[in-house]
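What follows is each chain in one-letter form.
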Amino acid sequence: MTIRRLDPILADRIAAGEVVERPAAAVKELVENALDAGASRIDVTIAGGGQKLIRVIDDGAGMDEADLLLCIERHATSKIPDGDLTNIATLGFRGEALPSIASVARLEIATRRREAPNGLRLRVDFGAASTPAPVALAQGTKVEARDLFAATPARLKFLKSERAEASAVADVVKRLAMANPQARFSLGGEGRAGFDYQACPPGQDGLLARLTQVLGRDFRDNALAVDAEREEFRLWGFAGLPTWHRANALAQFVFVNGRPVRDRQIAGAIRAAYMDYLSSDRHPTLALFITCPPRLVDVNVHPAKAEVRFADPGLLRGLVVGALKQSLAGALHRATPANAAAVVEKFAWSPSSVAPRMAPSPDIARQQTGVPSNALWGEAIARNWDWRSSPAAPSLLAPGFAEAPPAADARAHEEAPLDGDLSAPLGAARAQIHETYIIAQTRDGLVLVDQHAAHERLVYERLKRERAERGVARQALLSPVVVDLDPADAGRLVEAADLLASLGLAVEPFGPGAVAVHEAPAALRTAEIEPLVRDLACSLAEDGAAAPLEKKLHHVLATMACHHSVRAGRRLGAEEMNALLREMERTPGAGQCNHGRPTYVELKLADIEKLFGRR
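(A) Structural detail: the layout of surface pockets. Within this model, the second largest pocket holds a volume of roughly 760 Å³. Along the wall of the second largest pocket there are 34 residues; nearest its centre are Asn33, Met63, Cys71, Ser78 and Lys79. The greatest single-element share of the lining of the second largest pocket, amounting to six residues, is contributed by helix H2 (residues 23–36). Partitioning the lining of the second largest pocket into residue classes produces 17 nonpolar, seven polar and 10 charged.

Printed below as a string of structure tokens:
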């Protein structure tokens, strides 16, 4: 079979399989073009999940006739003026998007520059272009793609439902909106609600406003600011509190020089930073922005530009882990307000949740007594009411017998709380109930604390500080543990020998495809060493980190903290409870225990009033 040159339109359709694999990919390319053109407003409209219609309108710079004709030719772009692929400062650069879309759809482009007397329109039907014609248009560009993949019916079979494709389009637009808060974004179309995000001011406050538009007010209420620099890298954005977590990592957004990306090494760094706060099956919500000189990151390693490669991934990993840990430590005892909201939602009073009142209506009461019923009720409350005179009083207490003691330990209430304690974030201890939970009073509400979970976290943090000061206690093995591995995995372990040594594990090469362990942390059993080394090899291959060893050591400390903390069922005095509250306020991560569960729930007076139907 002889080799022949493919027809240009057929070649474009083949190439479109990589660049435009679904409607969301086409929307991404068109919106990126609008952003590269300096647009401050971008309106996206779709129909049929994007297969029937994609329309993107922007107010960017626009194109003249020469650029309009060139933009539909493959590998024609204005974004690499000097041909230097190490200095890419735009979202697009390959010049493949419009030719790929035009080869598999009916494409119409209308554009106008500011200084032009009129706009120009160009139609391309499945690769066949027409002649540009004048059109009335404001400054900017309008691109419409209809009947996407009609020229390649096989691709239509692999599209998902219209709802799923529309959801993917919305996700793409939302990610680009998060990366560009100064621009206004809207998405609409038949059969969907869509959104319209107003432009936000520059700076961190503007970014938080845009993230609130996209992710909701819950994100704003649980967000911690992140801002750190190391050499030529800067990391900034917002990270969610550890007590506000999800079952998957879909709510983790990472942007590199304004480009939404998915990077395994950054994802591994995020897991490492939250390792002390979340169980392995829970994931934080965050939006992180990384800026660096273009020469330090390669964006030309993925057909859809969804992945990047860094010149120094170790430096970036250290920056991400360090910055996130610093922000989490700075949050101290802070926990998500969602815990209180969940309590209010479960127990809030509503007219339908209680039986009808037997009290007469205000009108009837006024007719009978001349005073409305609510006034009579208030007068009754004002009296010195004695529960023993109530018909509902228990009849178990015979005369001469002492009353039963209350179930709650109210000793902390015997003395008035100090003003300093009341003004503290977690308030002043007022009671201990069921010898497990502490009730504290604040200036504007109350706090319910799980004494065991709280003290467990305090002990765990103290043990970590002691380990950091004294180092990891290690022991020499009587006979080395030899672990057979793939040669590549063994090489990674040997290269990371210094890192492993700092964590108490001494390894050295032992022939091809094997390592020998001579020293191990004293807290580990010998039987745990071989599986740990294999886990380390996998972790180093994935993200270059020794997370399994750190996690194992932290697990040992967490177990020790659990067994050395105040147990449920222990009665505490007022001074002990207040001391526990003050230490929680000073301790990083005190808002959740070592297993990721909350250590306290705070209810404001407004929340309590909702529980009793006062609001």
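(B) Region of interest: empty space enclosed by the protein. Following the criterion strictly, the structure yields two cavities of 30 Å³ or more and no others. Put simply, the largest cavity is a space of about 40 Å³. Residue composition of the lining of the largest cavity, by class: six nonpolar, three polar and one charged. Size it by volume and the second largest cavity reaches roughly 30 Å³.

(C) Spatial organisation of the environment of His434. Along the polypeptide, His434 turns up in the loop between strand E19 (428–433) and strand E20 (437–442). A C-alpha to C-alpha distance of 9.2 Å links His434 and Arg570, two positions 136 residues apart in sequence.

(D) Seen up close, the pairing of strand E3 (residues 106–112). Where burial is concerned, most of E3 is hidden: five out of the seven residues are buried. In the sheet, E3 pairs with strand E4 (residues 119–125) via six bridges, with the strands oriented antiparallel. If you follow Glu108 over to E4, its bridge partner there is Arg123. As consecutive antiparallel partners, E3 and E4 are separated by six residues. By the bridge criterion, seven bridges tie E3 to strand E7 (residues 140–146) in an arrangement that is antiparallel.

(E) Expanded view of the packing of aromatic side chains. The full count for this structure, using the stated rule, is five aromatic pairs. Seen from their ring centres, Phe255 and Phe289 are 4.7 Å apart, and the 10 degrees between their planes marks the pair as stacked. Of this pair, Phe255 sits in strand E13 (residues 252–256) while Phe289 sits in strand E16 (residues 286–291), and the two are 34 residues apart along the sequence. Assigned by exposure class, Phe255 and Phe289 land together as buried. The rings of Trp236, Phe255 and Phe289 are connected pair by pair, giving a single aromatic cluster.

Criteria and cut-off values
- Per chain, the residues get numbers from 1 upward, laid out in the order the sequence is written.
- Only residues with pLDDT of at least 70 are given local features in this predicted model, and only at 80 or more are side-chain atom pairs given and counted; all residues enter the totals for whole chains, interfaces and linings.
- Excluded from the side-chain calculations are hydrogens and water; all other atoms, namely the structure's heavy atoms, are used.
- Put plainly, a pocket is an open set of points on a 1 Å grid over the protein atoms alone with protein on both sides within 12 Å along at least five of seven lines, a cavity is a set where a 1.4 Å probe fits but cannot get out, and a lining residue has an atom within 4 Å of a point.
- Grid points are joined across faces, edges and corners, and a volume is the space filled by probe spheres set on the points.
- A run of DSSP states H or I qualifies as a helix once it reaches four residues; a run of E qualifies as a strand once it reaches two. Both are numbered from the N-terminal end.
- The residue classification treats Ala, Val, Leu, Ile, Met, Phe, Trp, Tyr, Cys and Pro as nonpolar and Asp, Glu, Lys and Arg as charged. All others, Gly included, are polar.
- Here the term buried applies to any residue with accessible area under 20% of the maximum for its type, exposed to any over 50%, and partly exposed to those in between, with areas from a 1.4 Å probe on protein chains only.
- Only strands that DSSP links by at least two bridges are regarded as paired with each other.
- Stacked, tilted and edge-to-face are the three classes assigned to paired rings of Phe, Tyr and Trp, where Trp is represented by its six-membered ring and a pair needs centres within 6.5 Å; plane angles under 30 degrees give stacked, over 60 edge-to-face, the rest tilted.

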